[in-house]
Amino acid sequence: MVTYTNHTNAAGGDDHNNNNNNNNNDSSSTENFHGTGSGGSGRSSTSTSSSSSSNYCVWLVCSVMFLVSSVMVVAVFTIVSSSSSSSIAAWSPPFKFSAFKSAGTTTKTATPPNISSSKSLAYYFIPNNIISAAATTTLTANATTTPPPDPHLPSPIILTRQEILERGLAKARAAIREAAASHRNFSVTAFSAHIYRNPAAFFQSYAEMEKRFKVYVYEEGELPIVHYGPCKNIYAIEGRFIHEMEHGGDRFRTRDPHSGHVYFMPFSVTWMVKYLYKPNTYNISPLKQFASDYVRVISKNHPFWNRTQGADHFMLSCHDWGPHASRGNPFLYNTSIRVLCNANSSEGFNPRKDVSLPEIQLYDGDVSSKIRNPPPANRSRPYLAFFAGGLHGPIRPILVQHWKGRDAAIRVYEYLPKGLDYYTFMLKSKFCLCPSGHEVASPRIVEAIYAECVPVILSKHYVLPFSDVLRWEAFSIKVEISEIPRLKEILMAIPDDEYKRLKEGLRAVRRHFVLNHPAQRFDMFHMILHSVWLRRLNFRLAQKL
């Protein structure tokens, strides 16, 4: 007797290794086939040869058809599995993928790998997708099971917070370089492109700063020297910046030190001089000692100073002795970002890492009402040039010697006679002479910008504020000290069209030198921050910290 049950079950058994559902279907087929071949007719093995031959043909045809169908099922399953793998490899939040079976398609939600909150791992990376810290926390809290590893899924990359910050900075650098190289026409009604070195690069950089930049302000230190500073008179920018940084909102400030790109040390050198310095001793060691002690405290309480030797830390001072105070710690002087009014490149100021801070005079906490608003464009200016100020420093005596009382068109005074007004002279002059005194900076540069009196820079080694962004030649004149005797000749030779262009530049650049309360986009506070942002972009932290 010829039986087909074992053979048919063998074929079904092979397919069972591939898929259980197919085995169920094949079992019913086997039963029918077995009934037809051996029990359905009730015939014995003594049947005629023609009947046996016929049954054998039927068996052969059915077996071939069954094998072909099995091969097709395996092929379909392989294709579906491949498709499923590719979809898993392209995971992106909310981590959904399709799991296919031959009997149909069902959708499951995959749980991401559990991320231990005890580790210093803030982000889970899947290629081309970044999950924020908040999203990571949520995913971790909801994670209950870990899916089995899939050979088609790339291994996840775990990055530290600092590496995340560095990748963000790398993207910012790439975007700025692309904008700088694009040479595309740039036009914004509120700005004049000619006052910028590269307007497209500047506005891209500013946008990246608003998008990414975070400053951590150290909480160490006590009033009045720390977390406080002067908000009036000539060093007012110190206190105004500290106040805006600590109390002006959290647009740029972060309370999480691990999220900071830079770290601000909010001490005031002006208040150091007021409370620590003994008048007429010229002993500035107490200032240096205070700076040294402050660095020691923050480096003991936090890991960030030692990580970079202070390269991502900054201090700010408008006092003449700010650079001297920074000598209290060699890394503070040589490595940290120093934001200084006394930006003298011959005395250690390094424009690659340091920031030139504009000096502004706020007698009563605000700019004089006479220059607070832009003057009319057609205002009469009968005087060619004007200066009034004390004779300190090496440059001013030369100016007074050559021009005081020498020419009615160039009004130069040591001190203004009673009854004459300083700002009225500025508003009536075409050019305002801005010689350095004991130190290179002078508040009259900002005052001249307000009065739309073209500044004439008379200085050596002065790194002008925001000069990495602004084209000072678009709204000021630079005259060498040796050319002071020819001052009238030089100024008279400037064509009317050029003078008009300089005036337009002054009106356009004014917004970058205004202190607003609260701060506004593109004002002095934000330009200072942008200068710090550029310095932070100039270096990269090591990948393994």
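Cut-off values and rules
Residues numbered from 1 in each chain as written. Predicted model: local features only at pLDDT ≥ 70, side-chain atom pairs only at ≥ 80, totals over all residues. Heavy atoms only, no water. UniProt positions renumbered as here; feature names shortened; annotations may be inferred. Core = buried A, V, L, I, M, F, W, Y, C linked by side-chain atoms within 4.5 Å. Buried < 20%, exposed > 50% of the residue type's maximum accessible area, 1.4 Å probe, protein only. Helix = DSSP H or I, 4+ residues; strand = E, 2+ residues; numbered from the N terminus. Contact = heavy atoms within 4.5 Å. Pairing = 2+ DSSP bridges. Right-handed = clockwise from strand over helix to strand, strands pointing away. Axes fitted to C-alpha atoms, helices over the stretch in contact; angles between N-to-C directions. Phe/Tyr/Trp six-rings, centres within 6.5 Å; stacked < 30°, edge-to-face > 60°. Lys NZ or Arg CZ within 6 Å of the ring centre and 35° of its normal.

In the annotation of an unreviewed UniProt entry, the protein chain is listed under the name Probable glycosyltransferase At5g25310 and assigned to Coffea arabica. Under the Subcellular location (unreviewed entry) heading, UniProt states for the protein chain: "Golgi apparatus membrane". For the record of the protein chain, the UniProt heading Sequence similarities (unreviewed entry) holds the text "Belongs to the glycosyltransferase 47 family."

A.B. asks: Quick question: what am I supposed to make of the nonpolar core here?
C.D. replies: The nonpolar side chains of a soluble globular protein tend to be buried with one another. If you look at the biggest cluster of nonpolar residues, it comprises 130 residues, and the most contacted ones within it are M265, F431, L433 and F513. For this core, the leading source of residues is helix α18 (residues 524-537), giving 9 residues. Once residues lying within four places of it in the same chain are set aside, the contact partners of M265 are Y218, Y294, V295, I298, W305, H313, F314, M315 and L332.

A.B. asks: What is the right way to read the pairing of strand β14 (residues 429-435) from this model?
C.D. replies: The buried fraction of β14 is high, at 6 of 7 residues. Pairing analysis gives 3 bridges linking strand β12 (residues 383-388) to β14, with the strands arranged parallel. Within β14, the residue paired with Y383 across the bridge is S429. With 5 bridges connecting them, β14 and strand β15 (residues 454-458) associate as parallel partners. Bridge assignment links C432 to a residue of β15, and that residue is P455. Handedness of the crossover joining β14 and β15 through helix α15 (residues 444-451): right-handed.

A.B. asks: Explain the sheet that holds strand β10 (residues 337-340) to me, please; I cannot follow it from the model alone.
C.D. replies: Across a sheet, strands are paired by hydrogen bonds formed along the backbone, either parallel or antiparallel in direction. Overall, parallel pairing links the 6 strands, which are arranged β7-β6-β8-β9-β10-β11 in an open sheet. For this open sheet the edge positions go to β7 (253-254) and β11 (355-356), each flanked by a neighbour on one side alone. Sheet topology places strand β8 (residues 262-264) next to strand β9 (residues 313-317); 2 bridges connect them, and they run parallel. By the bridge assignment for β9, F264 is matched with F314. Contacts between helix α7 (residues 236-247) and the sheet are confined to β6 (215-217), β7, β8 and β9, with β9 contributing the most and set at about 140 degrees to the helix. Along the sheet face, α18 touches β6, β8, β9, β10 and β11 and points at about 155 degrees away from the line of β10.

A.B. asks: Would you mind going over the packing of aromatic side chains with me for this structure?
C.D. replies: Given two aromatic rings, their pairing is described by the distance between the two centres and the angle made by the two planes. Per the stated rule, a full pass over the model turns up 30 aromatic pairs. These aromatic residues form a ring-pair network of at least three members: Y383, F386, Y413, Y422, Y423 and F425. The side chain of R338 reaches across the aromatic face of Y333, ending 4.5 Å from its centre. Lying over the aromatic face of Y499, K430 brings its terminal NZ or CZ to 4.6 Å of the ring centre.

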